[in-house]
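Analysis of the macromolecular model
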Amino acid sequence: MRFEAEHRFHGTRDAVAALLSDPEFYINLRLPDLGQPVLLDHQVNGPRAEMTLRYEFVGSLDPMARRLLGSNRLAWIQQISVDQSAGSGSLNFKAQADPKRLHGVAEFRLSSQGGLTVRTLSGELNVAVPLIGPAAERKIVPGLLRRLDIEAEAVDRRLVGEDQIR
């Protein structure tokens, strides 16, 4: 299922890219229904930063999802790449237990517009389970978009000098 989001930040493109490249930002970010992420890897090569985080869903799961998971916890690996010089990046995510059944990718671009930085993000989530995949995608994408909105709010708060990250 395709998804798109746009977020506006009160800071320069470089400042936004730097925050999106900072593993401490993600480790301290509180997102609904998720445990704190575990940083698995972080590498910086010139203007390009890449990090890998492990997230675990700790909220209530739909009965259909519970049946699919069985006794397993829903956890996924998320890779974030940011090219600060190009003002672009990507998010890749996949279920830890069965990445072929649940995975996604999104690309984003940062642009300066009227004193703000705008992040435009476009991606796709795939639940590769016959018959129920499309229904599961329709249930997952709104939560994914809401978490991206919360992340953007936290980036903006940090840029304008508010220290509290939720």
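Located above this text is the structure these notes cover.
Everything numeric here is computed off the predicted structure, so don't read it as measured data. (Residues numbered from 1 in each chain as written. Predicted model: local features only at pLDDT ≥ 70, side-chain atom pairs only at ≥ 80, totals over all residues. Heavy atoms only, no water.)

So, the overall build of the protein
The condition is simple: Numbering of helices and strands runs from the N terminus, with a helix taken as a DSSP run of H or I at least four residues long and a strand as a DSSP run of E at least two residues long. Values of the radius of gyration come from C-alpha atoms, whereas the globule rule sets the reference at 2.2 Å times the count of residues to the power 0.38. Buried means the residue's accessible area, taken with a 1.4 Å probe over protein chains only, is under 20% of the maximum for its type, while exposed means over 50%, and partly exposed covers the values in between. The contact criterion used is simple: two residues touch if any of their non-hydrogen atoms lie within 4.5 Å. Here, Shrake-Rupley sampling with a 1.4 Å probe gives the accessible areas, and only protein chains in the shown set may cover a residue. Think of it this way: Lys and Arg go in the positive column, Asp and Glu in the negative one, and His and the chain ends go nowhere. All charge positions are set by atom: Lys at NZ, Arg at CZ, Asp at CG, Glu at CD.
Of the regular secondary structure elements, the protein holds four helices and seven strands. In sequence order, the secondary structure elements of the protein are arranged as β-α-α-β-β-α-β-β-β-β-α. Whereas a compact globule of 166 residues would reach a radius of gyration of roughly 15 Å, the protein reaches 16 Å, a difference of no more than 12%. Within the protein, the fraction of its 166 residues that count as buried is 40%. Look at the contacts in the protein between residues 6 or more apart in sequence, and 54% of them connect residues 24 or more apart. Accessible surface for the protein amounts to roughly 8,900 Å². Of this, 51% is attributable to carbon and sulfur atoms. Charged side chains in the protein number 21 positive and 21 negative. The centres of these two groups are separated by 6 Å.

Some details on the pattern of salt bridges
Using the following cut-off: We define a salt bridge as a contact between a side-chain nitrogen of Lys or Arg and a carboxyl oxygen of Asp or Glu at a distance within 4 Å.
This model, assessed by the stated rule, comprises eight salt bridges. With a shortest N-O distance of 3.3 Å, arginine 48 and glutamate 50 are connected by a salt bridge. Given a relative accessible area of 34%, arginine 48 falls into the partly exposed group. According to the relative accessible area criterion, glutamate 50 is partly exposed, its value standing at 37%.

A word on the packing of helix 1 (residues 13-20) against helix 4 (residues 133-159)
Where we set the bar: Interaxial angle, 0 to 180 degrees, is taken between N-to-C directions of lines fitted to C-alpha atoms, where a helix line uses only the stretch in contact. Each angle receives one of four descriptions, namely roughly parallel if under 35 degrees, roughly antiparallel if over 145, roughly perpendicular if within 65 to 115, and oblique otherwise. Here a crossing is called left-handed whenever its near helix is offset anticlockwise from the far helix by less than a right angle, and right-handed whenever the offset is clockwise. For this classification, the nonpolar set comprises Ala, Val, Leu, Ile, Met, Phe, Trp, Tyr, Cys and Pro, the charged set comprises Asp, Glu, Lys and Arg, and every other residue, Gly included, is treated as polar.
Packing of helix 1 against helix 4 brings their axes to within 11 Å, and their N-to-C directions diverge by 120 degrees. Considering the angle they form, helix 1 stands oblique to helix 4. Considering how the two elements wind past one another, helix 1 and helix 4 form a crossing that is right-handed. For the pair formed by helix 1 and helix 4, the contact residues are Ala15, Val16, Leu19 and Leu20 on the first element and Glu151, Val155, Arg158 and Leu159 on the second. A breakdown of the residues in the contact of helix 1 with helix 4 according to their chemical character gives six nonpolar, no polar and two charged.

Describing the packing of aromatic side chains
Note the following rule: Here a pair means two rings of Phe, Tyr or Trp (six-membered ring of Trp) with centres within 6.5 Å. Their orientation is stacked below 30 degrees between planes, edge-to-face above 60, and tilted elsewhere.
This structure, assessed with the given rule, holds two aromatic pairs. Ring centres of phenylalanine 25 and tyrosine 26 lie 5.3 Å apart, and the angle between their planes is 80 degrees; this geometry places the pair in the edge-to-face category. With a relative accessible area of 0%, phenylalanine 25 lands in the buried category. Given a relative accessible area of 2%, tyrosine 26 falls into the buried group. Consider the rings of tyrosine 55 and tryptophan 76, whose centres lie 5.9 Å apart with planes at 20 degrees: the pair is stacked. Residue tyrosine 55 is located in strand 3 (residues 48-56), and its partner tryptophan 76 is located in strand 4 (residues 75-83); the two are separated by 21 residues in the primary sequence. Judged by relative accessible area, tyrosine 55 falls into the buried class, the value being 4%.

Points about the sheet that holds strand 5 (residues 88-95)
Filter applied, for reference: Paired strands, in this sense, are two strands between which DSSP finds at least two bridges.
The seven strands are arranged 1-7-6-5-4-3-2 in an open sheet whose pairing can be described as antiparallel. Both edges of this open sheet fall to strand 1 (2-9) and strand 2 (38-45), since each of them pairs with a single strand only. Going from strand to strand, the sheet's axes swing by 15 degrees on average, the running direction of each strand aside. In this structure, strand 4 lies alongside strand 5, joined through eight bridges in antiparallel fashion. Across the sheet, glutamine 79 pairs through a bridge with asparagine 92, a residue of strand 5. In the packing of helix 1 onto the sheet, contacts are made with strand 1, strand 3, strand 4, strand 6 (102-113) and strand 7 (116-127), and the angle to strand 6 comes to roughly 155 degrees. On top of the sheet, helix 4 reaches strand 1, strand 5, strand 6 and strand 7; it is set at about 10 degrees to strand 1, its chief contact.

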